[in-house]
Amino acid sequence: QVQLVESGGGLVQAGGSLRLSCAASGRTFSSYAMGWFRQAPGKEREFVARISWSGGSTYYSDSVKGRFTISRDNAKNTVYLQMNSLKPEDTAVYYCAAGKVAGNLRREYDYWGQGTQVTVSS
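Computed from a predicted structure; not experimentally measured. (Residues numbered from 1 in each chain as written. Predicted model: local features only at pLDDT ≥ 70, side-chain atom pairs only at ≥ 80, totals over all residues. Heavy atoms only, no water.)

Give a detailed account of the environment of Gln 114, specifying residues and quantitative values.
Along the polypeptide, Gln 114 turns up in the loop between strand 10 (111–112) and strand 11 (116–121). Between the alpha carbons of Gln 114 and Gly 26 there is a distance of 17 Å; along the sequence they are 88 residues apart. Setting aside residues up to four positions removed in sequence, Gln 114 forms contacts with Leu 4, Val 5, Glu 6 and Tyr 95. (Helix = DSSP H or I, 4+ residues; strand = E, 2+ residues; numbered from the N terminus. Contact = heavy atoms within 4.5 Å.)

For the pattern of salt bridges, give the residues involved together with the corresponding values.
With the rule as written, the count across this model stands at five salt bridges. As a salt-bridge pair, Arg 38 and Glu 46 come within 2.6 Å of each other at their nearest N and O atoms. For Arg 38, a relative accessible area of 6% puts it in the buried group. The class of Glu 46 is partly exposed, set by a relative accessible area of 36%. Between Asp 62 and Lys 65 there is a salt bridge, with the nearest N and O atoms lying 3.2 Å from each other. No difference in accessibility class separates Asp 62 from Lys 65, as the two residues are exposed. Because the salt bridges share partners, they merge into one network encompassing Arg 38, Glu 46, Arg 67 and Asp 90. (Salt bridge = Lys/Arg side-chain N within 4 Å of Asp/Glu carboxyl O. Buried < 20%, exposed > 50% of the residue type's maximum accessible area, 1.4 Å probe, protein only.)

So what's going on with the sheet that holds strand 8 (residues 78–83)? Residues and values would help.
Strand order in the open sheet formed by four strands is 1-3-8-7, and the pairing between neighbours is antiparallel. Bordering the open sheet on either side are strand 1 (4–7) and strand 7 (68–73), each of which pairs with just one other strand. For this sheet, the mean inter-axis angle between neighbouring strands, taken without regard to orientation, is 15°. (Pairing = 2+ DSSP bridges. Axes fitted to C-alpha atoms, helices over the stretch in contact; angles between N-to-C directions.)

Describe unusual backbone geometry, listing the residues and the values that go with them.
A positive phi angle, near 55°, is found at Asn 77, a position not held by glycine. Residue placement: Asn 77 occurs in the loop between strand 7 and strand 8. With phi around 50°, Ser 85 is a residue other than glycine that occupies positive phi space. Inspection of the secondary structure assignment puts Ser 85 in the loop between strand 8 and strand 9 (92–99). Taking the relative accessible area as the measure of exposure, Ser 85 reaches 41% and is therefore partly exposed.

Lay out the packing of aromatic side chains in plain terms, naming residues and giving numbers.
For the structure on display, the rule yields six aromatic pairs. For the ring pair Phe 37 and Phe 47, a centre distance of 5.7 Å and an interplane angle of 75° mean the geometry is edge-to-face. Here the residue Phe 37 occupies a position in strand 4 (residues 33–39), and Phe 47 occupies one in strand 5 (residues 46–51), the gap between them amounting to 10 residues. In this structure, Phe 37 and Phe 47 share a single accessibility class: buried. (Phe/Tyr/Trp six-rings, centres within 6.5 Å; stacked < 30°, edge-to-face > 60°.)

Structure (structure tokens):
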């Protein structure tokens, strides 16, 4: 079992930055790939970024590539999402997720956090 708790969300102006954190419980964190997803009001939950268990491989959606950076610290059981040059369309609830074989699809992830709200004002 892996429990995930996100933090770091908030209100920021367009062009600003936020760093989200996702703290995981359990000693098997380092064996899981991790992903970030987001869900805006009235929309489906969408893939944002993912990172391999070692941190050596990352992948981003086209909408955030070049602006967001995913990273992890296995010693701290934490994954991060650094978000720069934020836009109003980045407004959403952001979720972290863990999976053994984790790609860009929601069904590939086994464990989910409760989400943290990010609001970008124009």
